[in-house]
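# Observations on the three-dimensional arrangement
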Amino acid sequence: MAIDRRRDTAGGGRQPPPAEENGSLPPGDAAASAPLGGRAGPGSSVEIQPLPPPHPAGGSAHSSCCSAAAAPSLLLLDYDGSVLPFLGGLGGSYQKTLVLLTWIPALFIGFSQFSDSFLLDQPNFWCRGAGKGAEVAGATVTGRWGDMSNWTSPPTTPFFTAAWGAAGNRSNSSGPDGGDTPPLPSPPDKGDNASNCDCHAWDYGIRTGLVQNVVSKWDLVCDNAWKVHIAKFSLLVGLIFGYLITGCIADWVGRRPVLLFSIIFILIFGLTVALSVNVTMFSTLRFFEGFCLAGIILTLYALRIELCPPGKRFMITMVASFVAMAGQFLMPGLAALCRDWQVLQALIICPFLLMLLYWSIFPESLRWLMATQQFESAKKLILHFTQKNCMSPESDIKGVMPELEKELSRRPKKVCIVKVVGTRNLWKNIVVLCVNSLTGYGIHHCFARSMMGHEVKVPLLENFYADYYTMASIALASCLAMCVVVRFLGRRGGLLLFMILTALASLLQLGLLNLIGKYSQHPDSGMSDSVKDKFSIAFSIVGMFASHAVGSLSVFFCAEITPTVIRCGGLGLVLASAGFGMLTAPIIELHNQKGYFLHHIIFACCTLICIICILLLPESRDQNLPENIFNGEHYTRQPLLPHKKGEQPLLLTNAELKDYSGLHDTAATGDGLPEGATANGMKSM
């Protein structure tokens, strides 16, 4: 009570101000997390740096002493500032080897992600006995795949992200007229289409280099065409559930066990897919294959981030993206070599056998062990690192090992992603990135379909390989642009720029093309359908370019601002949101493109909301990764533009808040402010 009375007397009977949202760490925790805040000029978005939250009345001094005694050493919690430099950063040979081991599987992941484009591609088909000329004639008259079967549509291909890539979705289902809203195709049981499907055996012209694929294996055409779309989103649904579940498990039991068990089970389910006896078995096994693939993608992404120092995280992640993109470019050649879909599926999965060696050569994440206070296991791993790097104990300048010896008896403290619900700022950051990811991946299909759809009659894009490599080239250009933009604008500035480009491309495509379409109907306007098609191609390319970057940056951004103790859970939420965005493509195709225009409008509106929400995010460039919930909760939000040199900020920093209450006390007891002080508590020059 005496301590409380002295505190009240010193503070003038007032309670300390509550912590503002997105404030910085209190002074006592500066060693646990690098200072993330900064001064800002007038009108900037930086908020007041908070004082430590007040202790509850009654026994506050006792609880404070107990919590201080229970807290681990700040040196051990400052992983980027003390532990990582002690191990040599990314300069150690062992760390470089581990980073390389996270890059190699990205190639295998790329093969698996793009396999739907080849296994489930809908070929040209004609009734057996009618001859191939019927198929050629049908393709010439209708400009579609299949003998005028306009209810079938091409496959959905997920587009490429930081750890997994993709090409856009294609749909050549068309009617005779143009327009932004595609005409609804006729049902397969009406008119000529019914007679075209009155056949008991089919011949196929597969365009992907395979002699046989899943569609031709089980005759998934006409009345069975809907099963193709079910098979497509079975992999996506498996990925979504895998991200959510394996993310939570990886935060609880560790990254390494989840990675190794995912490898074992993807070998089992992936190889069994090649032995499927019907499309139902194929779709079910693809769900479990996607579930296991999600565990591999997520854990490798988290391990890659947690191995790197602040200045190298984005570069290391982008290299993994380019390796996965190499899988995208090599996939057509692999399909041409295999010739059969079962051989192709087995060849895609077999390289994961090499990853079984990771059980003996890849360790647990040291950063996660330190963050969850598993110091005994962390000590063994640190000694393993020093032995591999041939380091001497004298290099421990900061005394990490002596501090670690004192904490060996501490019990582990693990956290579940559910804990984020009780935070003030962290949950908002994750939700904003989830919406960004959902929007970026969802609207990408709209742009891809607009470019590959019926309204753009470009002969080049009728070719499968031209279509495929066009999407891959756009993804490659987007990744290269991200490297440049993020270097100069940071994570938040780059994400905002790409989201603005996505919104502009979407709104111009929805509004301007309709206006051009109306003027082109007048004979004196000088506009033709070719002008509208060229604008549509341009807006679609810009939209696909920008939306790909939005999706990739959202995932990477989440990995940086989510604390280590729940990083995999946060990544799982954002990647699952991306999966939901991609899932809209096969669902709309399953419903014969009904709701496509509304689909585009909804996502265009979401881009406008995301532009506002991105401003609420912190900037994580060159900042230490948050290790626990407290660090993540107090990640600061800096202004987009730095203040001018010599400009006096209106908002205070954490150190200046100590003098702020004293100014008011002096003003209340004296005649005015102290000499040399200004109204906002800053010392005048």
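Residues numbered from 1 in each chain as written. Predicted model: local features only at pLDDT ≥ 70, side-chain atom pairs only at ≥ 80, totals over all residues. Heavy atoms only, no water.

Right, let's get into the overall build of the protein. Tallying secondary structure elements over the protein gives 25 helices and two strands in all. Taking all 685 residues of the protein together, the buried fraction comes to 55%. Within the protein, contacts between residues at least 6 apart in sequence are counted, and of these 82% link residues at least 24 apart. Carbon together with sulfur atoms contributes 66% to the accessible area of the protein, which is approximately 28,400 Å² in total. (Helix = DSSP H or I, 4+ residues; strand = E, 2+ residues; numbered from the N terminus. Buried < 20%, exposed > 50% of the residue type's maximum accessible area, 1.4 Å probe, protein only. Contact = heavy atoms within 4.5 Å. Areas by Shrake-Rupley, 256 points an atom, 1.4 Å probe, with all protein chains shown as cover.)

This part takes up the packing of helix H11 (residues 255–273) against helix H12 (residues 279–307). The description of two helices packed together rests on the angle between their axes and the distance between the axes. The N-to-C vectors of H11 and H12 enclose an angle of 150 degrees; their axes lie 8 Å apart at closest approach. The pairing of H11 with H12 is recorded here as roughly antiparallel in orientation. Every pair of crossing elements has a handedness; the one defined by H11 and H12 is left-handed. (Axes fitted to C-alpha atoms, helices over the stretch in contact; angles between N-to-C directions. Parallel < 35°, antiparallel > 145°, perpendicular 65-115°, else oblique. Left-handed = near helix turned anticlockwise from the far one by under 90°.)

Further remarks concern unusual backbone geometry. In the Ramachandran plot, Arg339 falls in the positive-phi region, its phi being about 75 degrees despite a non-glycine side chain. We note that Gln373 has phi near 65 degrees; this positive angle belongs to a residue other than glycine. Within the secondary structure, Gln373 is located in the loop between helix H16 (366–371) and helix H17 (375–388).

It is worth spelling out the side chain of Glu560 at this point. In this fold, Glu560 is placed in helix H21 (residues 529–561). Here the side chain of Glu560 touches Arg313 through a polar contact of 2.7 Å, side chain to side chain. Not counting the four nearest positions on each side in its chain, Glu560 is found in contact with Arg313, Arg491, Arg567, Ser620, Leu625, Pro626 and Tyr635. (Polar contact = N/O pair within 3.5 Å; in protein donor to acceptor, adjacent residues only side chain to side chain.)

Overall, the coordinates contain 11 salt bridges when judged by the stated rule. Here Arg255 and Asp251 are joined by a salt bridge, their closest N and O atoms 3.1 Å apart. With a relative accessible area of 0%, Arg255 lands in the buried category. Here Glu289 makes a salt bridge to Arg286, at a shortest N to O gap of 3.3 Å. In this pair, Glu289 and Arg286 both sit in helix H12, three residues apart, roughly one turn of the helix. The burial state of Glu289 is the same as that of Arg286; both residues are buried. (Salt bridge = Lys/Arg side-chain N within 4 Å of Asp/Glu carboxyl O.)

Relative to the helices and strands, Leu84 resides in helix H4 (residues 79–86). Leu84 sits 282 residues away from Leu366 along the chain, and the two C-alpha atoms are 9.6 Å apart. Leu84 has contacts with Tyr79, Gly89, Leu307, Cys308, Pro309 and Arg367, leaving out every residue within four places of it along the chain.

The next thing to look at is H12. Given a rise of 1.5 Å per residue, 29 residues ought to cover 42 Å, and the 42 Å separating the end C-alpha atoms of H12 matches this to within 8%. Summarising burial for H12: 23 of the 29 residues are buried, a large majority. Where H12 begins, the capping side chain belongs to Asn278, and its oxygen is found 3.2 Å from the backbone nitrogen of Thr280. (Expected span 1.5 Å × (residues − 1).)

A cluster of nonpolar side chains, contributed by Phe241, Leu244, Ile245, Ile249, Trp252, Val253 and Leu573, occupies part of the molecular surface with about 580 Å² of accessible area. The element contributing the most residues to the nonpolar patch is helix H10 (residues 226–253), with six residues. Within the secondary structure, Ile249 sits in helix H10. You can call Ile249 partly exposed: its relative accessible area is 39%. (Patch = residues over 30% accessible without salt bridge, like charges linked within 9 Å, V, L, I, M, F, W, Y side chains within 5 Å.)

Attention shifts here to the confidence of the model for the protein. Per-chain confidence: the protein averages 74 in pLDDT, with 67% of residues scoring 70 or above. Across residues 1–69, confidence stays below pLDDT 50; counting only partners more than four residues off in sequence or on other chains, it has 113 contacts. Across residues 132–195, where pLDDT falls below 50, the model places 192 contacts with residues more than four positions away in sequence or in other chains. (pLDDT = per-residue confidence, 0-100.)

With that settled, consider the state of the cysteines. Tallied over the entire structure, the rule returns zero disulfides. Between Cys605, a free cysteine, and Cys606, which holds the nearest cysteine sulfur, the sulfur-to-sulfur gap is 7.0 Å. Exposure remark for Cys605: the relative accessible area of 42% places this residue in the partly exposed category. Unpaired in this structure, Cys613 has its nearest cysteine sulfur neighbour in Cys610, at a distance of 6.3 Å. The exposure class of Cys613 is partly exposed, given its relative accessible area of 23%. (Disulfide = S-S within 2.5 Å.)

Below, the discussion takes up the side chain of Glu633. Mapped onto the elements of the fold, Glu633 is located in helix H24 (residues 629–633). Nearest to the buried, unbridged Glu633 among oppositely charged side chains is Arg424, at 5.1 Å. What Glu633 contacts, discounting residues up to four positions off in sequence, is Thr423, Arg424, Asn425 and Leu426. (Lys, Arg positive; Asp, Glu negative; His and termini not counted.)

Right, let's get into the packing of aromatic side chains. Counted under the stated rule, the structure contains 19 aromatic pairs. Where Phe265 meets Phe269, the ring centres are 6.4 Å apart and the plane angle is 25 degrees; that geometry is what we call stacked. Of this pair, Phe265 and Phe269 both sit in helix H11, four residues apart, which is roughly one turn of the helix. On the accessibility criterion, Phe265 (38% relative accessible area) is partly exposed. For Phe269, a relative accessible area of 22% corresponds to the partly exposed category. For the ring pair Phe269 and Phe288, a centre distance of 5.1 Å and an interplane angle of 20 degrees mean the geometry is stacked. Residue Phe269 is found in helix H11, and its partner Phe288 is found in helix H12; the two are separated by 19 residues along the sequence. (Phe/Tyr/Trp six-rings, centres within 6.5 Å; stacked < 30°, edge-to-face > 60°.)

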